[in-house]
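One letter stands for each residue in the lines below.
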Amino acid sequence: MLGGPGQQGDSELTAGIYRAIVDAGVKAVRIVANPGGRLVFPSTAAIEQKYPLPEDAYWGRDLLGEFHQAAGSTDIKLIAWLEGYATAYRDSLFVRRFPDTVVSEPNWAGNVRLDLFHPAFELNFLHSLRDLVSKPEVTGIELCDHFSISEQMLSLITRNHAQEIKSSDLSAAVWLRERLTEQLRLVRQIVSGEHGKAVLVSLNTFKYARLTHQDIDYWVREKLVDGVNVQLYRDRKHFRRSLQDTLDEVQRNPHLSRIKNGEIGLSIGLAAKVNNVYLSEPDIQDQLQAVRGAVLTGDQGQKTPPGTVGFHFGGWPGFWKSQYPRNASQAL
């Protein structure tokens, strides 16, 4: 369940969203901790990657603390979602200070992708990560699918690190994959080693993860992550096929056996919004039925592996506002 308030900015509205989540018995909430590169929790060490505009609904807020206060004494797990990993606003203080970290053109929102292996980015990120996981209400963090090397970023990152790649005697593809894994080990050490909290990772299908240098087979095999979230943000036509492909991969790939036996959790990501259009309630119900049917019962009615499978629902606050403007609980 993705429980971020989006761009609402209204603390009373946010509290209403949170109360509905608590009342619905949701087990875990993922709250976006750094939307568009700006931090929505106190961090004295990190350099802001989003230029703070007065009208920015996030500026000066602690969304994680707000949820914790609204939820009260519940057993809901609070996961800080690092959405938009290695992303910054093009005119942010960080980009102005370290322009050589930029490896993409600005997108429609003015955000650019950063070289996630640049020392300035790594240092800044690890500072903010330590501040984040030191918050007592946070039970874990989740790296989004931007924790990867997309085709868009590949050439510039390879050029930036050409000397390192050459001296390693590895191919560029192997170097990038191993370097990303090295960064994950640093995250694991801070989050789990120093604070005893969980590390989750998101990907956009197992096949696509491998194309973007996310070494998911190794990460699962070596237990560098505690959970894997496969974001099947699809319309009704394509969702069921993608879901079946995901479960088939877990069944047949020996490197994913820790997922199959339930040692590492698998979360199926649903989205309220696909291709910038909110799905209808029947479409969302169809996806939920598909997950429930695939996970809980096989063709003969027996429970089928993989082990621990749940789902998260991305973009719910916006869906609530568009479909049920006066009743958040009804949307859930």
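Keep in mind that what you see is a predicted model, and the values were worked out from it rather than measured.

A. Up close: the overall build of the protein chain. Within the protein chain, the regular secondary structure consists of 14 helices and 11 strands. Accessible surface for the protein chain amounts to roughly 15500 Å². Of this, 50% is attributable to carbon and sulfur atoms.

B. Up close: the environment of Asn229. Structurally, the position occupied by Asn229 is in strand β7 (residues 227-231). By relative accessible area, Asn229 is classed as buried at 1%. Of note is the side chain of Asn229, whose polar atom sits 3.3 Å from the side chain of Ser202.

C. Structural context of the packing of helix α4 (residues 119-133) against helix α7 (residues 172-194). Contact geometry for α4 and α7: axes closest at 10 Å, N-to-C directions at 25 degrees. Classed by the angle they form, the pair α4 and α7 counts as roughly parallel. Handedness of the crossing formed by α4 with α7: right-handed. Of α7, the residues touching α4 (which contributes Glu122, Phe125, Leu126, Leu129, Arg130 and Val133) are Arg179, Gln183, Leu186, Val187, Ile190, Val191 and Glu194.

D. Examining the pattern of salt bridges more closely. Under the defined criterion, the tally for this structure stands at 15 salt bridges. Here Lys135 makes a salt bridge to Glu137, at a shortest N to O gap of 3.0 Å. In this pair, the class of Lys135 matches that of Glu137, namely buried. Between Arg252 and Glu249 there is a salt bridge, and its shortest N-O distance comes to 3.5 Å. Separated by 3 residues within a single helix, Arg252 and Glu249 lie in helix α10 (residues 236-252), roughly one turn from each other.

E. How the structure looks around α4. Its 15 residues place the ends of α4 21 Å apart at the C-alpha level, agreeing with the 21 Å of an ideal helix rising 1.5 Å per residue. Among the residues making up α4, those that are buried are Ala120, Phe121, Glu122, Asn124, Phe125, Leu126, Ser128, Leu129, Leu132 and Val133. Looking at the buried positions of α4, the neighbouring elements they touch are α2 (63-71), β2 (77-82), α3 (93-97), β5 (140-143) and α7.

F. The nonpolar core, seen in detail. Ranked by size, the top nonpolar core spans 82 residues in total, and within it Leu116, Leu129, Ile141, Leu143 and Val228 carry the most contacts. Those residues in contact with Leu116 that sit more than four places away from it in its chain are Tyr85, Ala86, Phe121, Glu122, Ser148, Ile149, Met153, Ile157, Leu180 and Gln183.

G. Up close: the packing of aromatic side chains. Counted by the stated rule, this structure contains 7 aromatic pairs. The interplanar angle of 50 degrees and the centroid separation of 5.1 Å between the aromatic rings of Phe94 and Phe98 together place this pair among those described as tilted. On the accessibility criterion, Phe94 (0% relative accessible area) is buried. Note on Phe98: relative accessible area 23%, which makes it partly exposed. Their ring planes at 10 degrees and their centres at 5.9 Å tell us that Phe121 and Phe125 sit as a pair that is stacked. Placement of the pair is Phe121 and Phe125 together in helix α4, with a separation of 4 residues, close to one helical turn.

Scoring rules and cut-offs
- Residues numbered from 1 in each chain as written.
- Predicted model: local features only at pLDDT ≥ 70, side-chain atom pairs only at ≥ 80, totals over all residues.
- Heavy atoms only, no water.
- Helix = DSSP H or I, 4+ residues; strand = E, 2+ residues; numbered from the N terminus.
- Areas by Shrake-Rupley, 256 points an atom, 1.4 Å probe, with all protein chains shown as cover.
- Buried < 20%, exposed > 50% of the residue type's maximum accessible area, 1.4 Å probe, protein only.
- Polar contact = N/O pair within 3.5 Å; in protein donor to acceptor, adjacent residues only side chain to side chain.
- Axes fitted to C-alpha atoms, helices over the stretch in contact; angles between N-to-C directions.
- Parallel < 35°, antiparallel > 145°, perpendicular 65-115°, else oblique.
- Left-handed = near helix turned anticlockwise from the far one by under 90°.
- Contact = heavy atoms within 4.5 Å.
- Salt bridge = Lys/Arg side-chain N within 4 Å of Asp/Glu carboxyl O.
- Expected span 1.5 Å × (residues − 1).
- Core = buried A, V, L, I, M, F, W, Y, C linked by side-chain atoms within 4.5 Å.
- Phe/Tyr/Trp six-rings, centres within 6.5 Å; stacked < 30°, edge-to-face > 60°.

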